[in-house]
Amino acid sequence: MELSITIECGNIKLEGRLRKNTSKKAVVICHPHPLYGGNMDNPVVMTIADSFFEKGFTTMRFNFRGTCNSTGMFDNGTGEQEDIRAALSLLTEKGYKQIWLAGYSFGARMNASLVSKGCEIKDHIMVSPPVGFMNFDDIEKMTSTGLIITGANDEIAPPGKVKGHINRWKIDPRFEIIEDCDHFYSKSLPRLKAVLIDYLS
């Protein structure tokens, strides 16, 4: 059962959902761009959460500041990174020893900023990092990144451009390109879940 939670980030209150599992492994999942309708109930975010939960993880998804019932205003990526830090801190306070970070689209871009600054996590998964829509040039390294997924027809996260960044970061993650799949994973959610489950196994 998912619990409604409040994540405190300074004077900002973020609404979130926590689904507890039996192990001490947990994941924070970050949603797509709030100015384009993204929130924690996005189908891709839910698919990521379901995949992690099936593999024994406690899952936490939340709404960035200014999204749905989270207070504050959109902060162009700066405050949003603090939102993620607050979510990670809450899981640490709850005693989780292995914390993973996963994000879709804008959520993947926000996570990338934190990971590149040396944020302590066990593993990092990016689903459709929006390299065709947002600038990633300031991301110089991407440690702890084990899996990157995009769609063959994803114009916001084009596979060739994603691969170029992987090479620039000098990392060797598992890189999955889902055929006949666009940025919104229309009709491709089962294949996305299959990739995630296989990786987490």
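Residues numbered from 1 in each chain as written. Predicted model: local features only at pLDDT ≥ 70, side-chain atom pairs only at ≥ 80, totals over all residues. Heavy atoms only, no water.

(A) Structural detail: the overall build of the protein. Of the regular secondary structure elements, the protein holds five helices and eight strands. Helices (α) and strands (β) of the protein occur, in sequence order from the N terminus, as β-β-β-α-β-α-β-α-β-β-α-β-α. Its C-alpha atoms give the protein a radius of gyration of 15 Å, near enough to 17 Å, the size a compact globule of 201 residues would have. For the protein, with 201 residues in total, the buried portion stands at 55%. In the protein, the proportion of contacts linking residues at least 24 apart, taken out of those at least 6 apart, comes to 67%. For the protein, the exposed area adds up to about 9,000 Å²; of that, 49% sits on carbon and sulfur atoms. The protein carries 24 positive and 24 negative side-chain charges, and their two centres are separated by 5 Å. (Helix = DSSP H or I, 4+ residues; strand = E, 2+ residues; numbered from the N terminus. Rg over C-alpha atoms; globule rule 2.2 N^0.38 Å. Buried < 20%, exposed > 50% of the residue type's maximum accessible area, 1.4 Å probe, protein only. Contact = heavy atoms within 4.5 Å. Areas by Shrake-Rupley, 256 points an atom, 1.4 Å probe, with all protein chains shown as cover. Lys, Arg positive; Asp, Glu negative; His and termini not counted. Charge placed at Lys NZ, Arg CZ, Asp CG, Glu CD.)

(B) View of the nonpolar core. Within the largest apolar cluster, 40 residues are counted, with the highest numbers of intra-cluster contacts made by Ile 7, Val 28, Met 60, Phe 62, Ile 84 and Leu 88. Secondary-structure elements contributing two or more residues to this core are β1 (2-9), β2 (12-19), β3 (25-30), β4 (58-62), α2 (78-93), β5 (98-104), α3 (106-116) and α4 (159-169). When residues no more than four places from it in sequence are discounted, the contact partners of Val 28 are Met 60, Phe 62, Ala 87, Leu 88, Leu 91, Trp 100, Leu 101 and Ala 102. Among the nonpolar cores identified, the runner-up in size contains 22 residues, and Val 45, Ala 49, Phe 52 and Tyr 185 belong to it. (Core = buried A, V, L, I, M, F, W, Y, C linked by side-chain atoms within 4.5 Å.)

(C) Quick peek at a nonpolar patch on the surface. Taken together, the side chains of Leu 35, Tyr 36 and Phe 133 define a hydrophobic patch exposed on the protein surface, amounting to about 380 Å² of accessible area. Tracing the sequence through the fold places Phe 133 in the loop between β6 (124-127) and β7 (145-151). (Patch = residues over 30% accessible without salt bridge, like charges linked within 9 Å, V, L, I, M, F, W, Y side chains within 5 Å. Salt bridge = Lys/Arg side-chain N within 4 Å of Asp/Glu carboxyl O.)

(D) Broad picture of the environment of Thr 78. Take Thr 78: it is sitting in helix α2. On the basis of relative accessible area, Thr 78 is assigned to the exposed category, the value being 53%. Distance in space between the C-alpha atoms of Thr 78 and Ser 113 is 9.4 Å, their sequence separation being 35 residues.

(E) Looking closely at the packing of α2 against α3. Interhelical geometry of α2 versus α3 gives an angle of 75 degrees and a closest axis separation of 9 Å. Here α2 is positioned roughly perpendicular relative to α3, judged by the angle of their axes. Residue-level inspection shows Glu 80, Gln 81, Ile 84, Arg 85 and Leu 88 of α2 in contact with α3, the latter providing Phe 106, Met 110, Asn 111, Ser 113 and Leu 114. For the contact of α2 with α3, the per-class residue count stands at five nonpolar, three polar and two charged. (Axes fitted to C-alpha atoms, helices over the stretch in contact; angles between N-to-C directions. Parallel < 35°, antiparallel > 145°, perpendicular 65-115°, else oblique. Nonpolar A, V, L, I, M, F, W, Y, C, P; charged D, E, K, R; others polar.)

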